[in-house]
Structures are given as structure tokens and as C-alpha cells.
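Understanding the architecture of this molecule
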Amino acid sequence: MVSTKKIEGLKKIKELLKSYKSILLFDLNNLPSKQLHEIRNKLKEKEIYTLISKKRVLKLGLKENNLNLNIDDLKQPAIIYSNKNIFDIIKNLRKLKVKRKVKIGEILSSDIEVPAIDTGIQAGPAISIFKQFQIQTMMKNGKISIREKKVVCRKGEKANSDLISLLNMLHIEPLELTIQPEIGYSENIVYNKDILKMNEDYFEKQISIAANNLFKLTVSMGYPTEQNIAYFLQKVLQNVRTLGLKIRLPIKELLPDLLREAHLNADKLNAKVSKNA
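Just so you know, these numbers come straight off a predicted model, no measurement behind them.

Considering the overall build of the protein chain
When you go through the protein chain residue by residue, the secondary structure sums to 10 helices and 12 strands. Computed over C-alpha atoms, the radius of gyration of the protein chain comes to 35 Å, more than 25% over the 19 Å expected from 2.2 N^0.38 for 277 residues, which places it beyond the range of a compact globule. Each of the three principal axes of the protein chain carries a C-alpha extent, and together these read 120 × 65 × 30 Å. When the accessible surface of the protein chain is summed, it comes to about 19000 Å², and 53% of that surface belongs to carbon and sulfur atoms. Computed over 49 positive and 30 negative side-chain charges, the inter-centroid distance for the protein chain is 1 Å.

Printed below as a string of C-alpha cells:
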């Protein structure tokens, strides 16, 4: 028998898939609950929402909404949904970074540095840990202070238990965590992971190039559109003006040019007469 919770979850998924402009799916696997809670709250402030769902329930919801989105590679799928443009959501996700702890055995993606701070730790066994990492310390009011900042692990190195103990003792969460969407859907278009990783400037540039090429094409075809009608009108006015000057059409708009031409011709004629006199 299907539980009430699953039925309500399926109903919620079907409603948001129909009601919201943009959908993104990401993997909750290896995402700590503390950081997830922080991320969800920050996204909510931007009118971007998240929903955690069982994989089977999500698959059924996608199927019943005729959305062919492959989530087989997601171990613990979750949904981001909003009425914002999908690339505006991506932009917000890239800006959103939260801190997390290092795990034992993890290969570090960046250097880890301990800052020069007052640790608030009493003198004692902790001194040996600082010495192990060659961290210069001094005593202030019976407590340990770090004299100057120190890199305690380099990018590419593996985190060991001693490093974890040091960071936990100092309450340091050195690594940044972001959400990486695996698949997106907006306005009947499916976006794969590679597309979602691209910089938004790339799409703006491509749209600009496409619009420029379309403008040139419609102009060469003589096909008027909202975008090129001003160009065509300007071209027509230029042609009318050129023709009017050629046949010396005495209209208000051309009179200054016709008078200038007449004065110029008169001056040339006077000069010629004077020369022959």
C-alpha cells in the first residue's frame, strides 16, 4: 500500500512541475544537512525554492507530466524550482557558497590556511598539535594565540586525522560548497549538465550574434520586421532625397540644398564670365 506521505509528495511534484517556469535537478549525495538547510534558506530569499523527494516518487512525477528527464545518475535527487529565468537561477547558485568541514582522506581542492587569531584555548595538550604543524604561537592571558597565519595543507594533498583534529579544535570549516545542477528544464527546453556549466555571457553573446545575423538577412531579403523597419524607412528617405535633388523638386525639405546648389552654380558662371570679359 502506498503511504500517504508518498501520495502527497507526488502531488506536490506534479503541481510544481506544472506551475513553475524553471526546474533544476541536483544530487543531495554528500551534501551535509546543515549546509543544505543554509542553502535552502538563502535561495528562498531569492524566490528560488527546493524540494527533496524520493527518487521513485520524482521519476513518477516526471513521467506523469510527460517530462523525459533522466535522473538515473542522481543518488539522492532534489528539485530547485522558480519562476525566474533558468540562467538567473544558475547565476544565483554560483554566487551561493557555504562553508563545510574537511573529511578524513579527502583530496583537497585548495590550500588550507590557519589565520593568526586568539584561539581561546587553554595551554596544554593543544600546544603539541600546533607544533606538529609548525604553527607559531604565543600565550595571551593563559590562552594560546596564533602568531602568524600558516598553510597547514596544500592543494592535492590528502586530509589526515591530525589535520581534522586541528581544524575542529579551531572551529574552521575551510572548504566552499556549491550546488551543481545536473539537468534543467524551462519553457519546453531540456538543458544538460554541460550547458548549465556554461557562463551566462556565452549565451548573451550568441543571442546578440544571432540577432545581428537575422537583421542582416531580413535586410538583404527586403523583408520588413519590427527590428529593421527604421533602417528601411531611413533608406527610403535617403533615396527620395537623392531623387528630389536630382530632378530639383522644389519642396520645403530640399530648398536649402537647392538654393546652395543654385548659388554655387551662379558663382561658377560669374567667374567664367569675368574670365572671358
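Don't stop here, the text continues.
A closer look at the environment of E176
Relative to the assigned elements, E176 resides in strand β10 (residues 175-177). Note on E176: relative accessible area 47%, which makes it partly exposed. Placed 89 residues apart in sequence, E176 and N265 show a C-alpha to C-alpha distance of 79 Å. Leaving out residues up to four positions away in the same chain, E176 has contacts with K97, V98 and K99.

Section: helix α1 (residues 4-19)
With 16 residues, α1 should reach 22 Å at 1.5 Å per residue; the first-to-last C-alpha distance of 22 Å fits that figure. Buried within α1 we find L10, I13, L16 and L17. Along the axis of α1, the buried positions cluster into a sector of 135 degrees, meaning they face one direction only. Facing away from the buried side of α1 by over 90 degrees, the exposed positions are T4 and K18.

Examining the sheet that holds strand β6 (residues 118-122)
Spatially, three strands are ordered β6-β8-β7 in an open sheet, and the strand pairing comes out antiparallel. Taken across any chain shown, the strands that pair with only one partner, and hence form the sheet edges, are β6 and β7 (137-140). Strand-to-strand, the axes of this sheet are offset by a mean angle of 35 degrees, without reference to chain direction. Alignment of β6 against strand β8 (residues 143-146), held across three bridges, turns out to be antiparallel. Each residue of the ladder has a partner; that of Q122, found in β8, is K143.

Considerations on the pattern of salt bridges
Enumeration according to the criterion identifies nine salt bridges in this entry. A salt bridge links E38 to K42, with the shortest nitrogen-to-oxygen separation between them at 3.1 Å. Here K42 and E38 lie together in helix α2 (residues 33-45), a separation of four residues that amounts to about one turn. On the basis of relative accessible area, E38 is assigned to the partly exposed category, the value being 28%.

Brief notes about a nonpolar patch on the surface
A surface patch of nonpolar side chains, about 450 Å² in accessible area, is lined by L214, L217, M221 and Y223. As for its placement among the helices and strands, L214 is situated in helix α8 (residues 200-221). Among the residues examined, L214 registers a relative accessible area of 52% and is labelled exposed.

Digging into the sheet that holds strand β1 (residues 22-27)
Taking strand neighbours across the sheet as the criterion, the five strands line up as β2-β3-β1-β11-β12 in an open arrangement whose pairing is antiparallel. Of all the strands in the sheet, just β2 (49-52) and β12 (189-192) have a single pairing partner and so form its edges. Here the strands of the sheet are splayed against their neighbours by 20 degrees on average, with no regard to which way each runs. In this sheet, β12 lies alongside strand β11 (residues 183-186) in antiparallel orientation, the contact comprising four bridges. Looking at the pairing, I183 lines up with N192 of β12. Its contacts with the sheet put α1 on β1, β2 and β3 (77-82), and the angle it makes with β3 is roughly 40 degrees.

Cut-off values and rules
Residues numbered from 1 in each chain as written. Predicted model: local features only at pLDDT ≥ 70, side-chain atom pairs only at ≥ 80, totals over all residues. Heavy atoms only, no water. Helix = DSSP H or I, 4+ residues; strand = E, 2+ residues; numbered from the N terminus. Rg over C-alpha atoms; globule rule 2.2 N^0.38 Å. Areas by Shrake-Rupley, 256 points an atom, 1.4 Å probe, with all protein chains shown as cover. Lys, Arg positive; Asp, Glu negative; His and termini not counted. Charge placed at Lys NZ, Arg CZ, Asp CG, Glu CD. Buried < 20%, exposed > 50% of the residue type's maximum accessible area, 1.4 Å probe, protein only. Contact = heavy atoms within 4.5 Å. Expected span 1.5 Å × (residues − 1). Arc of directions from axis to C-beta. Pairing = 2+ DSSP bridges. Axes fitted to C-alpha atoms, helices over the stretch in contact; angles between N-to-C directions. Salt bridge = Lys/Arg side-chain N within 4 Å of Asp/Glu carboxyl O. Patch = residues over 30% accessible without salt bridge, like charges linked within 9 Å, V, L, I, M, F, W, Y side chains within 5 Å.

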